[in-house]
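Below, each chain spelled out in residue letters.
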Amino acid sequence: MVGRPKSPDYVIFFAIIGLLGFGIVMVYSASAVSAYVNYNDSYYFLKRQIIWAVLGILAMLLTMNIDYHAWRNLAKPIMLVTLLLLVLVLVPGLGKVVNGARRWLGFGSLYLQPSEIAKLCMVLFTANRLALTQDKIGSFMKGVAPQLAILLVVFGLILKEPDLGTALVIGGTVFILLFAAGAKLAHLGSLGAVGVLGIVGLIIAEPYRLKRLLAFSDPWADPLNSGYHIIQSLYAIGSGGLFGVGLGRSREKFLYLPEPHTDFIFAILGEELGFIGTATVLILFFLFAWRGFKIAISAPDVYGSLLAAGITSMIILQALMNIAVVTASMPVTGIPLPFLSFGGSALIFTMAGVGILLNVSRYVSWK
């Protein structure tokens, strides 16, 4: 039985506010040089990030106060709209191309990234479908296969942009949701094996992905090309030591490390604030994961449990992938760090997801 809503989980709330604060400070510090060079305004990215952060907090407060059950009726329409947006972004003339990837829709200076909407939408849709078919989850054809069908469509559309990193986050999140819903380990093991083989095939099929994989195994073999990102990132983190070189005093941000305020912001954080700074961020993500999964375990119904598990997994998987890339623990995938990296639609929809998680927490009876 779902009772009356109580106070939200304040551990998650303040952990997210802390990460958001780190993000605003580090976006300014990491982007000031490139912003001045490219836009003649050191505050160019900071001003936009503050706007996105305010909008994100408003989105979180809004969804935090909407009964999470309301999303069940909206899951299918939202999924259809998301699929439409993922198709439209691939249409020449509609989708904006940046660095060879067609990932944005919009006009003027206002753009949104449909794949960011897809991450949250897939959690809402999959959690609802799994809750409705809970009695069939033991059957591969009736319980698992229908979820894989929509996943493959979304995965394929995002892969066409191309955006393998986001596609992997969505795939991993759905896999965790299937596990949480009670899918058989034999089915999940088979899917995992097929998934690994598929990823290997995708890497081999695209020369730039294969080059990234080879650079990951030995970045110094091609230090000025495919290995450049990883080497500069490691230089940044290695220079930080225990306490860092000081906030605002990064050397790598002087046009050495590409994308210092987006994909590689964690490297600048490590350089300027050292082990203490990176450990603090990791602890905040750990607190979020701990409380998020605790909410999932304690939720009053299956849908709430799956929703909390999906949102928590989505954010933590992305954070782990970004940090793994920055620390040369996996090949470069080009995925931002949640709450810290510069970005508009990514931040707003991630914060909206946190709000939904907080709403689930309002119906949990802690023991």
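Residues numbered from 1 in each chain as written. Predicted model: local features only at pLDDT ≥ 70, side-chain atom pairs only at ≥ 80, totals over all residues. Heavy atoms only, no water.

Asker: Hey, could you run me through the overall build of the protein in this one?
Answerer: The helix and strand tally for the protein stands at 12 helices and 3 strands. Expected size for 367 residues packed as a compact globule is a radius of gyration near 21 Å; at 20 Å, the protein falls within 12% of this value. Burial analysis of the protein (367 residues in total) assigns 52% to the buried set. Here the contacts in the protein between residues at least 6 apart in sequence split such that 73% fall between residues at least 24 apart. Counting only carbon and sulfur atoms, one obtains 69% of the accessible surface of the protein, whose full area is about 16,400 Å². In the protein, which carries 25 positive and 16 negative side-chain charges, the distance between the mean positions of the two groups comes to 9 Å. (Helix = DSSP H or I, 4+ residues; strand = E, 2+ residues; numbered from the N terminus. Rg over C-alpha atoms; globule rule 2.2 N^0.38 Å. Buried < 20%, exposed > 50% of the residue type's maximum accessible area, 1.4 Å probe, protein only. Contact = heavy atoms within 4.5 Å. Areas by Shrake-Rupley, 256 points an atom, 1.4 Å probe, with all protein chains shown as cover. Lys, Arg positive; Asp, Glu negative; His and termini not counted. Charge placed at Lys NZ, Arg CZ, Asp CG, Glu CD.)

Asker: Teacher, can you tell me more about the pattern of salt bridges here?
Answerer: Oppositely charged side chains can form a pair if their charged atoms are brought close together. Taken as a whole and assessed by the stated rule, the structure comprises 4 salt bridges. Glu 116 is paired through a salt bridge with Lys 119; the nearest N and O atoms lie 2.8 Å apart. Of this pair, Glu 116 and Lys 119 both sit in helix α4 (residues 114-132), 3 residues apart, which is roughly one turn of that helix. Accessibility assignment for this pair places Glu 116 and Lys 119 in one class, buried. Lys 253 is the partner of Glu 272 in a salt bridge, and the nearest nitrogen-oxygen pair spans 3.5 Å. A residue pair is termed long-range when its members are at least 10 positions apart, and Glu 272 in helix α10 (residues 265-298) and Lys 253 in the loop between α9 (228-240) and α10 qualify at 19 residues. An identical accessibility class is assigned to Glu 272 and Lys 253; each is buried. (Salt bridge = Lys/Arg side-chain N within 4 Å of Asp/Glu carboxyl O.)

Asker: Explain the environment of Gly 292 to me, please; I cannot follow it from the model alone.
Answerer: Its place among the elements puts Gly 292 in helix α10. Dropping the residues within four chain positions of it, Gly 292 is found in contact with Ile 12, Ala 308, Thr 312 and Leu 357.

Asker: Got a minute to help me understand helix α6 (residues 164-181) in this structure?
Answerer: Because an α-helix completes one turn every 3.6 residues, residues spaced three or four positions apart along the sequence face the same direction. The terminal C-alpha atoms of α6, which comprises 18 residues, lie 26 Å apart, in line with the 26 Å expected from a rise of 1.5 Å per residue. The set of residues buried in α6 consists of Leu 164, Gly 165, Thr 166, Ala 167, Val 169, Ile 170, Gly 171, Thr 173, Val 174, Leu 177, Leu 178 and Ala 181. Of the residues flanking the end of α6, it is Gly 182, one or two places downstream, whose phi is positive at about 105°. (Expected span 1.5 Å × (residues − 1).)

Asker: Explain the nonpolar core to me, please; I cannot follow it from the model alone.
Answerer: Within soluble globular proteins, side chains that are nonpolar generally end up buried alongside one another. Core analysis: the biggest nonpolar cluster contains 101 residues, and Val 154, Leu 178, Phe 285, Leu 307, Phe 339, Leu 340 and Val 354 have the highest contact counts within it. Ranked by residues supplied to this core, first place goes to helix α11 (residues 302-326) with 15 residues. Here Leu 307 is in contact with Tyr 68, Val 123, Leu 124, Ala 127, Ile 356 and Val 360, once residues within four sequence places are set aside. (Core = buried A, V, L, I, M, F, W, Y, C linked by side-chain atoms within 4.5 Å.)

Asker: Would you mind going over the side chain of Ser 31 with me for this structure?
Answerer: You can see Ser 31 is positioned in helix α1 (residues 10-39). A polar side-chain atom of Ser 31 sits 2.5 Å from the main-chain carbonyl oxygen of Val 27. Other than its neighbours up to four places away in sequence, Ser 31 contacts Phe 45 and His 261. (Polar contact = N/O pair within 3.5 Å; in protein donor to acceptor, adjacent residues only side chain to side chain.)

Asker: So what exactly am I meant to see when it comes to the packing of α11 against helix α12 (residues 345-361) here?
Answerer: When two helices pack together, you describe them by how their axes are tilted relative to each other and by the distance separating the axes. Closest axis-to-axis distance for the α11/α12 pair is 9 Å, and the angle between their directions is 145°. Here α11 runs over α12; the crossing is left-handed. Judged by residue contacts, Gly 304, Leu 307, Ala 308, Ile 311, Thr 312 and Ile 315 of α11 engage Thr 350, Gly 353, Val 354, Ile 356, Leu 357 and Val 360 from α12. Split by residue class, the contact of α11 with α12 holds 8 nonpolar, 4 polar and no charged. (Axes fitted to C-alpha atoms, helices over the stretch in contact; angles between N-to-C directions. Left-handed = near helix turned anticlockwise from the far one by under 90°. Nonpolar A, V, L, I, M, F, W, Y, C, P; charged D, E, K, R; others polar.)

Asker: What exactly am I supposed to notice about the environment of Val 25 here?
Answerer: Here Val 25 shows up in helix α1. For Val 25, a relative accessible area of 40% puts it in the partly exposed group. For Val 25 and Val 154, which are 129 residues apart along the polypeptide, the C-alpha to C-alpha distance reads 34 Å.

Asker: Can you walk me through the packing of helix α7 (residues 185-205) against helix α8 (residues 207-217) in this structure?
Answerer: The geometry of α7 relative to α8 is characterised by a closest axis approach of 5 Å and an angle of 105° between their N-to-C directions. When the axes of α7 and α8 are compared, the pair comes out roughly perpendicular. Each of Leu 202, Ile 203 and Ala 205 in α7 lies in contact with α8, whose residues at this interface are Pro 207, Arg 209, Leu 210 and Leu 213. Residue composition of the contact of α7 with α8, grouped by class: 6 nonpolar, no polar and 1 charged. (Parallel < 35°, antiparallel > 145°, perpendicular 65-115°, else oblique.)

Asker: How should the side chain of Ser 341 be read in this particular structure?
Answerer: As for its placement among the helices and strands, Ser 341 is situated in the loop between α11 and α12. Here the side chain of Ser 341 touches Leu 337 through a polar contact of 2.8 Å, landing on its backbone nitrogen. Not counting the four nearest positions on each side in its chain, Ser 341 is found in contact with Val 27, Gln 49, His 261, Thr 262, Asp 263, Ile 265 and Pro 336.

Asker: Help me understand the packing of aromatic side chains in this model?
Answerer: Ring pairs (aromatic) are described by centroid distance and by the angle formed between their planes. Tallied over the entire structure, the rule returns 10 aromatic pairs. Judged by centre distance (5.8 Å) and plane angle (85°), the ring pair of Tyr 39 and Phe 45 falls under edge-to-face. The exposure class assigned to Phe 45 is buried, which follows from its relative accessible area of 8%. Between Tyr 68 and Tyr 363, the ring centres sit 5.6 Å apart and the planes meet at 75°, which makes this aromatic pair edge-to-face. Highlighted residues: Tyr 68 in the loop between α2 (44-64) and α3 (70-88) and Tyr 363 in the segment after α12, separated in sequence by 295 residues. Of the aromatic side chains, those joined through ring pairs into one cluster are Tyr 39, Tyr 44, Phe 45 and Phe 342. (Phe/Tyr/Trp six-rings, centres within 6.5 Å; stacked < 30°, edge-to-face > 60°.)

Asker: I tried to follow α7 on my own but got confused; where do I start?
Answerer: Its 21 residues give α7 an end-to-end C-alpha distance of 30 Å, which sits within 8% of 30 Å, the value for a rise of 1.5 Å per residue. Buried within α7 are the following residues: His 187, Leu 188, Leu 191 and Ile 203. In an axial view of α7, the angular spread of the buried residues amounts to 130°, which keeps them on one side of the axis. Structural note: α7 exposes Ala 186, Val 194, Val 196, Leu 197 and Ile 204 on the side pointing more than 90 degrees away from its buried face. Buried residues belonging to α7 abut α5 (140-159), α6 and α8. (Arc of directions from axis to C-beta.)

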